[in-house]
Amino acid sequence: MRTLVTGAAGFIGSNLVDRLLTEGHHVVGVDNLSTGRASNLDSAAESNRFTFVETDVSLPDLQAVVAGTRPDVVFHLAAQVDVRRSVTDPYHDAATNVLGTINIAEACRKAGTRRIVFAASGGSRYGEPITLPVREEVPACPLSPYAAGKVAAELYLGCYAGMYGLAPVNLALSNVYGPRQDPHGEAGVVAIFGSAMLAGRPAVIYGDGCATRDYVYVGDVVDAFARAATAPTSVTGTFNIGTGIQTSTADLHRLMSEVVGSTEPPRLEGGRTGEIRAIALDRSAARAALQWDPRTSIREGLQLTVEWLRRTTDDVVPAGTAVTVSEGSSR
Ligand SMILES: NC(=O)c1ccc[n+]([C@@H]2O[C@H](COP(=O)([O-])OP(=O)(O)OC[C@H]3O[C@@H](n4cnc5c(N)ncnc54)[C@H](O)[C@@H]3O)[C@@H](O)[C@H]2O)c1
């Protein structure tokens, strides 16, 4: 398959690139390197089936890249991913997450690419759902510009399906964790916990530690992207990608401590406003349409993440860096 991955240098995008190359596909990776790292693509760069293009998904250049590639599938993961930044600068958020997605949809229409697999946000699209795990039928209830932009992108892709016969699959991801997640980011609670513990510092939990999230391992998420790419074009729309299991921040801290071998207790600080208490996603639709199920238990996933952190981390988190419970939530 000829594939194009936007956000290729990011956490999930680079794991997807590696998986596609392992399967023998050709991959054009697109990224503006705003939060992604070129080093995430070091192993990909060794393949003669991989090409990297540094550009912005909202620029006209992108159209030429897609036209030149004529991909069978476009995986659209590039995004402004910082929920707090979306609040302070909603224009920038929409420029990347909404206009960038329209640019991709237009490019695909012109290039004749029907399948777009889009990284939607299961953690933020439903707001604070009453019943958990939440199903896709529950009306979207975005509570931040980031969440609104992600839902808007899904709606635009739906329009392009209706108008031009594109076959988008929106994967509404829960809280993804695993190797290459940035411990400096605002949402990677697993990476932040792990790197703080490995450096012998207490991790900070905002709130009482009872807030829950649905943590899904990046290898399983990448598997969902791969399955969506090859599903029949009759399969379109939005599919939750999560485990359905709620893990509290306190439990995550305990599990991570066991994996790292840390005895340092967490430091509890006041909770933050506007953050949801609980989320978990019902994955029945993805199981039926994509034959997708997560295979990695949280303990196993944490072990794989800690192994990676041990290999790559050199005292990555400055002392006192707060662990954000809920920002992860809202992505
Ligand atoms: N990590 C999660 O838990 C999670 C949950 C739900 C949805 N998502 C979505 O998955 C996708 C990947 O997220 P991630 O966690 O890997 O984040 P990430 O920041 O590691 O990856 C995003 C990538 O997009 C690139 N990018 C940003 N703006 C761009 C632009 N204008 N043009 C080109 N490239 C641009 C960044 O440089 C980065 O490499 C995003 O769309 C995100 O919204 C992530």
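Only a predicted model underlies this, so the values are computations on that prediction, with no experimental measurement involved.

Helix length check: helix 7 (residues 218-230) (13 residues) gives 19 Å between terminal C-alpha atoms against 18 Å at 1.5 Å per residue, within 8%. Across the 13 residues of helix 7, ten count as buried, placing the element largely inside the fold. Among all positions in helix 7, only Val218, Asp220, Val221, Val222, Asp223, Ala224, Phe225, Ala226, Ala228 and Ala229 are buried.

What follows deals with the packing of helix 6 (residues 189-198) against helix 8 (residues 249-260). Viewed as axis vectors pointing N to C, helix 6 and helix 8 meet at an angle of 45 degrees, and their least axial separation amounts to 10 Å. Relative to helix 8, helix 6 is oriented oblique. Helix-helix and strand crossings are classified by hand; for helix 6 and helix 8 the assignment is right-handed. In this structure, helix 6 contributes Val189, Val190, Phe193, Gly194, Met197 and Leu198 to the contact, and helix 8 contributes Thr249, Leu252, His253, Met256, Ser257 and Val260.

Here we take up the side chain of Glu136. Considering the arrangement of structural elements, one finds Glu136 in the loop between strand 5 (115-121) and helix 5 (145-164). With no salt bridge to any partner, buried Glu136 finds its closest opposite charge in Arg135, at an N-O distance of 5.3 Å. At 2.7 Å, the side chain of Glu136 and the backbone nitrogen of Asn240 are in polar contact. Not counting residues within four places of it along the chain, the set of residues in contact with Glu136 comprises Arg125, Tyr126, Thr238, Phe239, Asn240, Asp282 and Ala285.

Turning next to helix 4 (residues 90-111). Its 22 residues give helix 4 an end-to-end C-alpha distance of 30 Å, which sits within 8% of 32 Å, the value for a rise of 1.5 Å per residue. Where helix 4 bends most, at Gly100, the angle is about 30 degrees. Gly112 sits one or two positions beyond helix 4 and adopts a positive phi of about 75 degrees.

Take unusual backbone geometry next. For the bond from Leu132 to Pro133, the omega torsion is -5 degrees, close enough to zero to count as cis. Notably, Leu33 is not glycine yet its phi reads approximately 60 degrees, a positive angle. Along the polypeptide, Leu33 turns up in the loop between strand 2 (26-31) and strand 3 (50-54). Accessibility expressed as a relative area gives 25% for Leu33, which makes it partly exposed. Even without a glycine there, the phi angle at Arg70 is positive, about 45 degrees.

Examined at the domain level, the chain breaks down into domain 1 (2-174 + 216-241) and domain 2 (179-214 + 243-281 + 295-330). A separation of 25 Å is found between the C-alpha centroids of domain 1 and domain 2. Across the contact, 33 residues belong to domain 1 and 27 residues belong to domain 2. Of all residues in domain 1, Phe11, Arg84 and Tyr217 give up the largest surface area on contact with domain 2, accounting jointly for 25% of the area buried on that side. In this structure, the connection of domain 1 to domain 2 is made through two salt bridges. Taking the shortest distance from any N to any O, the salt bridge between Asp18 and Arg180 comes out at 2.8 Å. For the side of domain 1 that touches domain 2, the elements supplying multiple residues, two or more each, are helix 1 (11-22), helix 3 (83-88), strand 6 (169-173), strand 10 (215-217), helix 7 and strand 11 (237-241). Per-element accounting of the side of domain 1 that touches domain 2 gives the leading share, four residues, to helix 1.

Across the interface, helix 2 (residues 61-69) lies against helix 4 with an axial gap of 9 Å and an inter-helix angle of 35 degrees. At the point where helix 2 passes helix 4, the crossing takes the right-handed sense. Of the residues in helix 4, those in contact with Leu62, Gln63, Val66 and Ala67 of helix 2 are Asn103, Ile104, Glu106, Ala107, Cys108, Lys110 and Ala111. When the residues that make up the contact of helix 2 with helix 4 are grouped by side-chain class, the tally is seven nonpolar, two polar and two charged.

Here we take up the environment of Asp61. Here Asp61 is to be found in helix 2. In this structure Asp61 comes out as partly exposed when scored by relative accessible area, which is 43%. Residues Asp61 and His25, spaced 36 residues apart in sequence, show a C-alpha to C-alpha distance of 23 Å. Polar contacts involving the side chain of Asp61 include one to the side chain of Thr55, which spans 3.4 Å.

Among the nonpolar cores identified, the biggest contains 54 residues, and Val5, Ile12, Val17, Phe75, Leu171, Leu173 and Phe225 are the most heavily contacted of them. With residues near it in sequence (within four places) discarded, Leu171 still touches Val117, Phe118, Ala119, Ala120, Ala224, Phe225, Ala228, Phe239, Ile241 and Leu290.

For the structure shown, the criterion picks out three aromatic pairs. Considering the side-chain rings of Phe75 and Phe225, the 6.4 Å spacing of their centres and the 50 degrees angle between planes classify their relative orientation as tilted. Here Phe225 lies in helix 7 and Phe75 lies in strand 4 (residues 73-76), a separation of 150 residues in the sequence. Take Phe75: its relative accessible area is 0%, and that puts it in the buried class. With relative accessibility at 0%, the residue Phe225 sits in the buried group. Considering the side-chain rings of Tyr177 and Tyr217, the 5.6 Å spacing of their centres and the 65 degrees angle between planes classify their relative orientation as edge-to-face.

About the thresholds
- Residues numbered from 1 in each chain as written.
- Predicted model: local features only at pLDDT ≥ 70, side-chain atom pairs only at ≥ 80, totals over all residues.
- Heavy atoms only, no water.
- Helix = DSSP H or I, 4+ residues; strand = E, 2+ residues; numbered from the N terminus.
- Expected span 1.5 Å × (residues − 1).
- Buried < 20%, exposed > 50% of the residue type's maximum accessible area, 1.4 Å probe, protein only.
- Axes fitted to C-alpha atoms, helices over the stretch in contact; angles between N-to-C directions.
- Parallel < 35°, antiparallel > 145°, perpendicular 65-115°, else oblique.
- Left-handed = near helix turned anticlockwise from the far one by under 90°.
- Contact = heavy atoms within 4.5 Å.
- Lys, Arg positive; Asp, Glu negative; His and termini not counted.
- Salt bridge = Lys/Arg side-chain N within 4 Å of Asp/Glu carboxyl O.
- Polar contact = N/O pair within 3.5 Å; in protein donor to acceptor, adjacent residues only side chain to side chain.
- Bend = angle between axes of the 7 residues up to and from the residue.
- Domains from an automatic or database assignment.
- Buried area = accessible area lost by both parts, 1.4 Å probe.
- Nonpolar A, V, L, I, M, F, W, Y, C, P; charged D, E, K, R; others polar.
- Core = buried A, V, L, I, M, F, W, Y, C linked by side-chain atoms within 4.5 Å.
- Phe/Tyr/Trp six-rings, centres within 6.5 Å; stacked < 30°, edge-to-face > 60°.

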